[in-house]
Amino acid sequence: AQRVTQPEKLLSVFKGAPVELKCNYSYSGSPELFWYVQYSRQRLQLLLRHISRESIKGFTADLNKGETSFHLKKPFAQEEDSAMYYCALPANNAGNMLTFGGGTRLMVKP
Amino acid sequence: DAGVTQSPTHLIKTRGQQVTLRCSPKSGHDTVSWYQQALGQGPQFIFQYYEEEERQRGNFPDRFSGHQFPNYSSELNVNALLLGDSALYLCASSPTGRKTEAFFGQGTRLTVV
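Residues numbered from 1 in each chain as written. Chains lettered and ligands numbered in written order. Predicted model: local features only at pLDDT ≥ 70, side-chain atom pairs only at ≥ 80, totals over all residues. Heavy atoms only, no water.

Caption draft 1: Highlighting the overall build of chain A. Across its full length, chain A holds zero helices and eleven strands. Relative to the 2.2 N^0.38 estimate, which gives 13 Å for 110 residues, the radius of gyration of chain A is 13 Å and therefore close to what a compact globule would have. With respect to the principal axes defined by its C-alpha atoms, chain A has extents near 45 × 30 × 25 Å. Among the 110 residues that make up chain A, the fraction classed as buried is 48%. For chain A, the exposed area adds up to about 5500 Å²; of that, 50% sits on carbon and sulfur atoms. (Helix = DSSP H or I, 4+ residues; strand = E, 2+ residues; numbered from the N terminus. Rg over C-alpha atoms; globule rule 2.2 N^0.38 Å. Buried < 20%, exposed > 50% of the residue type's maximum accessible area, 1.4 Å probe, protein only. Areas by Shrake-Rupley, 256 points an atom, 1.4 Å probe, with all protein chains shown as cover.)

Caption draft 2: Local environment of unusual backbone geometry. Pro8 of chain B follows Ser7 of chain B through a cis peptide bond whose omega is -10°. Its place among the elements puts Pro8 of chain B in the loop between strand E1 (5–7) and strand E2 (10–13). With a phi angle near 65°, Arg41 of chain A is a residue other than glycine that sits in the positive phi range. Looking at the element boundaries, Arg41 of chain A is found in the loop between strand E5 (34–38) and strand E6 (45–49). Positive phi, normally seen in glycine, also occurs at Tyr72 of chain B, with a value near 80°. Structurally, Tyr72 of chain B is set in the loop between strand E7 (64–68) and strand E8 (74–78).

Caption draft 3: Region of interest: the packing of aromatic side chains. A complete count under the given rule lists eleven aromatic pairs over all chains for this structure. Measuring from ring centre to ring centre gives 5.6 Å for Phe59 of chain A and Tyr85 of chain A, while their planes differ by 50°; the resulting arrangement is tilted. Placement of the pair is Phe59 of chain A in the loop between E6 and strand E7 (60–61) and Tyr85 of chain A in strand E9 (residues 83–90), with a sequence separation of 26 residues. With respect to burial, Phe59 of chain A and Tyr85 of chain A carry one shared label: buried. Ring geometry for Phe47 of chain B against Tyr49 of chain B: centres 5.3 Å apart, planes inclined by 85°, an arrangement best described as edge-to-face. A cation over an aromatic ring shows up here: Lys109 of chain A above the ring of Phe14 of chain A, its NZ or CZ 4.4 Å from the ring centre. Its guanidinium or amino end placed over the ring of Phe103 of chain B, Lys26 of chain B lies 5.3 Å from that ring's centre, counting from NZ or CZ. (Phe/Tyr/Trp six-rings, centres within 6.5 Å; stacked < 30°, edge-to-face > 60°. Lys NZ or Arg CZ within 6 Å of the ring centre and 35° of its normal.)

Caption draft 4: Broad picture of the interface of chain A and chain B. Contacts between chain A and chain B engage 21 residues on the former and 21 residues on the latter. Connecting chain A to chain B are zero salt bridges. Across the contact surface, chain A and chain B share six residue pairs in polar contact (both at pLDDT 80 or more). Going through the elements one at a time, E5, E9 and strand E10 (98–100) of chain A are the ones with two or more residues in the side of chain A that touches chain B. (Contact = heavy atoms within 4.5 Å. Salt bridge = Lys/Arg side-chain N within 4 Å of Asp/Glu carboxyl O. Polar contact = N/O pair within 3.5 Å; in protein donor to acceptor, adjacent residues only side chain to side chain.)

Caption draft 5: How the structure looks around the pairing of E5 of chain A. Residues and elements named next belong to chain A. Burial of E5 is extensive: five of the five residues sit out of reach of the surface. By the alternation rule, side chains of E5 split into Phe34, Tyr36 and Gln38 and Trp35 and Val37, which are all buried. Here E5 runs beside E6; their pairing, made up of four bridges, is antiparallel. The residue bridging Val37 from the neighbouring strand is Gln45, located in E6. Judged from the five bridges that link them, E5 and E9 form a sheet pairing that is antiparallel. Paired with Tyr36 across the bridge in E9 is Tyr86. (Pairing = 2+ DSSP bridges.)

Caption draft 6: Up close: the state of the cysteines. Scanning all chains against the criterion turns up two disulfides over all chains. Note on cysteine connectivity: Cys23 of chain A is disulfide-linked to Cys87 of chain A, with sulfurs 2.0 Å apart. Since a negative S-S torsion denotes a left-handed disulfide, the Cys23 of chain A-Cys87 of chain A link at about -65° is left-handed. With a gap of 64 residues between them, Cys23 of chain A in the loop between strand E3 (19–21) and strand E4 (24–26) and Cys87 of chain A in strand E9 connect regions that are remote in the sequence. Classification of Cys23 of chain A by relative accessible area gives buried; the value is 0%. The exposure class assigned to Cys87 of chain A is buried, which follows from its relative accessible area of 0%. What pairs with Cys23 of chain B in a disulfide is Cys91 of chain B, and their sulfur atoms sit 1.8 Å apart. As the torsion about the S-S bond is roughly -60°, the Cys23 of chain B-Cys91 of chain B disulfide counts as left-handed. You can see Cys23 of chain B sitting in strand E3 (residues 19–24) and its partner Cys91 of chain B sitting in strand E9 (residues 87–94), a full 68 residues away along the chain. (Disulfide = S-S within 2.5 Å.)

This is the structure we're talking about:
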């Protein structure tokens, strides 16, 4: 079964430090992976998807099929990056339901 | 565009009761999915509605049912509430052909006592 694992519940860094939020997955086939973010008192929203290979708010994520990972990275963390981050992938081949990881809370200290 | 709207925002119910949660999708979206998010966990897929029919279902009992109306809005019904049903219920809408492009509502916080 498709599964997403985010091994860290909490990641705390200082402003300006690099950030890497880990995501590992199990999936049969070629997955489409996503990162969602939830800022305090805001709704869950799409941050980026691997197929677009874009950088959003300075964040990037590379799909590593060999290691089955999709880690989210940012070279210099900002205080406004503090939020809950969820990695997700389609739970079936129809691609119409998402499986989420347990989430990582990122705290960026001043 | 108000985006995905859910009502009510908070709800307290007693064990054994029934509850109905409502969702209006983002303008132009015709697919609605429901997720349950327990405290400290990621969202879990309940089911998805498209063209007024349930198209996909996650690992949830039949106590969880839903409906989609011709205007694409949707309801989630939970019967015989258990304490374990206490969670944040999220509605997400998607446009035709891009069903993993999910836009989420603010959620309904359900507390079962």
